[in-house]
Amino acid sequence: MIKIGVVDTTFSRVDMAKYAIEVIEENLPEAEIIRYTVPGIKDIPVAARKLLIDEGCNAVLTLGWVGPGQVDKYSYLAMSVGLIMLQIMTGKHVIDVTVHEDEASDPDELYNIAVDRARKHALNLVMLVKYGREALTQYAGKGLRQGRPDAGPIKE
Ligand code: RDL
Ligand code: RDL
């Protein structure tokens, strides 16, 4: 039984988990999806830990939203370190989808970034869970981006 954890926040201004779950359901229909919503990004690592260790999830997708201020960016850094430690300790992937509110000033553009990033990273997670460590090798060096158009390779 494949179990995928999805952690999101009430701080986020876009319901990114909705789009991520659609992608997981479509591409990994046999998986059980466990969703866990917390107030903000600093609450994400423990939620991810509970899903990986207590619930036995194979991998977790986290969806965070970072405000525009310096204090918000420090909060992100703290979360990121926590999630990296969790991955090292459990040997399981935590795919971190984060949108920084200052990535775009136009709300529609920010919304599109959030949806695109959530969907593309959900697919990355599905690939890693389903096919393992060489699943993404076919895209190595391709300059893929989530939330934006791909940068592409410097030389073909
Ligand atoms: O544990 C309760 C809160 O401390 C926690 O939810 C924080 O992540 C909330 N938070 C901040 O305190 C902050 O300064 C958040 C941000 N910035 C942020 O940018 N994004 C968040 N939470 O999701
Ligand atoms: O877990 C999924 C992603 O969070 C993770 O793959 C990140 O490393 C992706 N990423 C960023 O989110 C970012 O802001 C990368 C960069 N910058 C970067 O400069 N180089 C990367 N990834 O390889």
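Residues numbered from 1 in each chain as written. Chains lettered and ligands numbered in written order. Predicted model: local features only at pLDDT ≥ 70, side-chain atom pairs only at ≥ 80, totals over all residues. Heavy atoms only, no water.

Visitor: Explain the pattern of salt bridges residue by residue, including any values.
Guide: All told, the structure shown has 7 salt bridges when counted by the stated rule. The partner of D15 in a salt bridge is R35, and the shortest N-O contact between them spans 2.9 Å. Of the two residues, D15 is situated in the loop between β1 (3-9) and α1 (16-27) and R35 in strand β2 (residues 32-38); the sequence distance between them amounts to 20 residues. For D15, a relative accessible area of 36% gives the class partly exposed. One salt bridge in this structure joins K120 and D116, with 3.0 Å as the shortest N-O distance. (Salt bridge = Lys/Arg side-chain N within 4 Å of Asp/Glu carboxyl O. Helix = DSSP H or I, 4+ residues; strand = E, 2+ residues; numbered from the N terminus. Buried < 20%, exposed > 50% of the residue type's maximum accessible area, 1.4 Å probe, protein only.)

Visitor: Requested: an account of the nonpolar core, with residues and values cited.
Guide: In this structure, M16, I24, L61, L63 and W65 are the most contacted members of the largest nonpolar core, which totals 29 residues. The set of elements that each furnish at least two residues to this core consists of β1, α1, β3 (59-66), β4 (94-100) and α4 (107-131). Of all the elements, α4 adds the most residues to this core, at 9 residues. With 17 residues, the next largest nonpolar core counts I44, V66, Y76 and M79 among its residues. (Core = buried A, V, L, I, M, F, W, Y, C linked by side-chain atoms within 4.5 Å.)

Visitor: Describe helix α3 (residues 70-90), with residues and values.
Guide: The end-to-end C-alpha separation of α3 is 30 Å, in line with the 30 Å expected for 21 residues at 1.5 Å each. Within the sequence span of α3, burial applies to D72, S75, Y76, M79, S80, L83 and L86. Down the axis, α3 shows its buried residues gathered within 135° of arc, on one side only. Across α3 from its buried face, at more than 90 degrees, point the exposed residues Q70, V71, Y74, L77, I88 and M89. Along its buried surface, α3 packs onto α2 (44-54), β3 and β4. Once α3 finishes, G91 follows within two positions and takes phi at roughly 70°, a positive value. (Expected span 1.5 Å × (residues − 1). Arc of directions from axis to C-beta. Contact = heavy atoms within 4.5 Å.)

Nothing here speaks to function; it is all geometry.
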